[in-house]
Amino acid sequence: MASTLSQVFRDNPLPLNHIIPLDFTSVHSLPESHVWPAFDGFPFGTTYPGEKFSIPIIDLMDPNAAQLVGHACEKWGAFQLTSHGLPSILTDDVESQTRRLFALPAHEKMKALRLPSGGTDYGQARISPFYPKFMWHEGFTIMGSAVDHARKLWPDDYKGFCDVMEDYQKKMKELAESLLHIFLEPLDISKEEYRSTTIQRGREACNTALQLNSYPPCPDPNRAMGLAPHTDSLLFTIVHQSHTSGLQILRDGVGWITVFPLEGALVVNVGDLLHILPNGRYPSVLHRAVVNQAEHRISLAYFYGPPADSLISPLCNLVSSGQQVVAPRYRSVSVKEYVDLMEKHKEKALSLLRL
Ligand SMILES: O=C(O)CCC(=O)C(=O)O
Ligand SMILES: [Fe+2]
């Protein structure tokens, strides 16, 4: 993947002040540079407990899993997945290696700093340049082998980190491939259309990235932002969050809803490409992460998308629409072009494709 999407990162270099994270251990109060203005109500951590305000929980082994996924995607754009087969020992290992990485002193982490024109390694969230204030967040992005990155941090002791990251990515990819079928199933795509979608082809070339997110304890969490509201650009994202809550999704007419960590469950959210594919039927969910004062929150986000050159076009000939041809709501776009649009325009990218 890196060979083709890496061109997009080269074409959109980031300034260093939007790459280098704050040394969180060096500050005891929230610096002005990280104070966010109040918007959509305070505190950031507002939660709405109860069924009505929780995303659905879906058991992958449920015989109706595909229909439940289709319904959850249409209504929420996200769900929590259980019985996904990922061994909890692996998730624990990835989490502890992630904590080991972020616990390094700032000057050590800087050895694996992302290049201005790079897509991997240590740095702030890529959406940082779109905001006047910095986020209370540091991340580490891995695409494929982590050896080159980890060697910079632990020259003689990188194998443990690399092995678990590799294993996790392999298992995530298998899960993502099954999920892709499940996402497409409730859409009743006609055989011809199914064949015409290029997203199923070139499994090896599919675009994936593992994003390790770290949100250190924050001295003033109600005025700080962990990860600003965004949609993910690829097809879908599979998120493991540590036992500390922080992930929130925006629900129309309600506000920000906390996605509470559920032991052993993974959060799956619809990205922009999976919004375009069924002609807008699945909303790509706007989400953000808030921070807290007491605990160091970790999340692992696995992004899954088709090969960089595949073309995403709305499937308008869905059987469920009675074989009627419905007008496409978006123009076709290649994965590479869409990631480039996101780099340049963030959430406006999708509207630029509207017909
Ligand atoms: O930290 C989280 O729970 C969300 C992470 C996320 O949205 C991302 O990495 O795109
Ligand atoms: Fe995200």
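Residues numbered from 1 in each chain as written. Chains lettered and ligands numbered in written order. Predicted model: local features only at pLDDT ≥ 70, side-chain atom pairs only at ≥ 80, totals over all residues.

A. Representation of the overall build of the protein chain in the model. Regarding its fold elements, the protein chain presents 10 helices and 14 strands. In the protein chain, buried positions account for 41% of the 355 residues. (Helix = DSSP H or I, 4+ residues; strand = E, 2+ residues; numbered from the N terminus. Buried ≥ 20, exposed ≤ 12 C-beta atoms within 10 Å, placed from the backbone.)

B. Representation of the sheet that holds strand E10 (residues 266-270) within the structure. Taken in spatial order, the 8 strands line up as E1-E2-E10-E7-E12-E5-E4-E3 in an open sheet, and their pairing is mixed. Since the sheet does not close on itself, it has two edges, and those belong to strand E1 (57-59) and strand E3 (121-123), each with one partner. Averaged over all pairs of adjacent strands, the angle between their axes in this sheet comes to 25°, without regard to strand direction. Sheet topology note: the strand E2 (residues 78-82)/E10 ladder contains 4 bridges and is antiparallel. Across the sheet, Gln80 pairs through a bridge with Val267, a residue of E10. Its contacts with the sheet place helix H2 (residues 65-75) against E1, E2 and E10, and it is angled at close to 160° to E1. (Pairing = 2+ DSSP bridges. Axes fitted to C-alpha atoms, helices over the stretch in contact; angles between N-to-C directions. Contact = placed C-beta atoms within 7 Å.)

C. Inspection of the UniProt feature "domain: Fe2OG dioxygenase" (unreviewed entry) in the protein chain at higher detail. The feature "domain: Fe2OG dioxygenase" (unreviewed entry), as annotated in UniProt, sits at residues 206-306 in this numbering. Structurally, residues 206-306 is divided into 5% helix and 45% strand, and its ends, taken at the C-alpha atoms, are 5 Å apart. (UniProt positions renumbered as here; feature names shortened; annotations may be inferred.)

D. Structural context of the site of ligand 1. Around ligand 1, the surrounding shell consists of Gln211, Asn213, Leu227, Asp232, Val239, Gln241, Gly246, Leu247, His287, Ala289, Ser299 and Ala301. Within the residue set of the shell around ligand 1, elements represented by two or more residues are strand E5 (207-215), strand E7 (236-241), strand E11 (287-289) and strand E12 (297-305). Looking at side-chain class alone, the shell around ligand 1 contains 5 nonpolar, 6 polar and 1 charged residues. (Near = placed C-beta within 6 Å. Nonpolar A, V, L, I, M, F, W, Y, C, P; charged D, E, K, R; others polar.)

E. Representation of the environment of Phe236 in the model. Checked against the element boundaries, Phe236 lands in strand E7. We classify Phe236 as buried; it has 25 C-beta atoms within 10 Å. Considered as a pair, Phe236 and Asn213 are 23 residues apart in the sequence and their alpha carbons are 17 Å apart.

F. Highlighting the nonpolar core. Ranked by size, the top nonpolar core spans 85 residues in total, and within it Val268 and Leu273 carry the most contacts. Other than its neighbours up to four places away in sequence, Val268 contacts Ala78, Phe79, Leu81, Leu179, Phe236 and Ile238. (Core = buried A, V, L, I, M, F, W, Y, C linked by C-beta atoms within 7 Å.)

G. Broad picture of the sheet that holds strand E6 (residues 227-230). Read across the open sheet, the 4 strands follow the order E6-E11-E8-E9; overall the sheet is antiparallel. Every other strand in the sheet has two partners, leaving E6 and strand E9 (255-258) as the edge strands with one partner each. Across the sheet, the mean angle separating the axes of adjacent strands is 25° when strand polarity is ignored.

H. The arrangement of the pairing of E2 in detail. Most of E2 is tucked away: 4 of the 5 residues are buried. As paired strands, E1 and E2 are joined by 3 bridges and run parallel to one another. Note on E2: the bridge partner recorded for Asp59 is Thr82. In the classification by handedness, the crossover that spans E1, the intervening H2 and the parallel E2 is right-handed. (Right-handed = clockwise from strand over helix to strand, strands pointing away.)

I. Region of interest: unusual backbone geometry. You will see that Asn279, though not glycine, has its phi angle at about 55°, which is positive. Tracing the backbone shows Asn279 in the loop between helix H8 (272-276) and E11. With phi around 50°, Lys346 is a residue other than glycine that occupies positive phi space. By the secondary structure assignment, Lys346 is in the loop between helix H9 (335-345) and helix H10 (348-351).

J. Layout of H2. What H2 keeps buried is the set Val69, Gly70, Ala72 and Cys73. Angular distribution of buried residues about the axis of H2 spans 165°; they occupy a single face of the element. Gly77 occupies a position one or two residues after H2 and carries a positive phi of about 75°. (Arc of directions from axis to C-beta.)

K. Representation of the environment of His345 within the structure. By the secondary structure assignment, His345 is in helix H9. The class for His345 is partly exposed, based on 13 C-beta atoms found within 10 Å.

L. View of the packing of helix H3 (residues 88-102) against helix H6 (residues 159-184). One can describe the packing of H3 onto H6 by two numbers: an axis separation of 9 Å at closest approach and a directional angle of 135°. Between H3 and H6, the crossing angle belongs to the class labelled oblique. Relative to H6, the crossing made by H3 is left-handed. Mapping the contact onto sequence places Leu90, Asp93, Val94 and Gln97 in H3 and Gly160, Phe161, Val164, Met165, Asp167, Tyr168 and Lys171 in H6. By residue class, the composition of the contact of H3 with H6 is 6 nonpolar, 2 polar and 3 charged. (Parallel < 35°, antiparallel > 145°, perpendicular 65-115°, else oblique. Left-handed = near helix turned anticlockwise from the far one by under 90°.)

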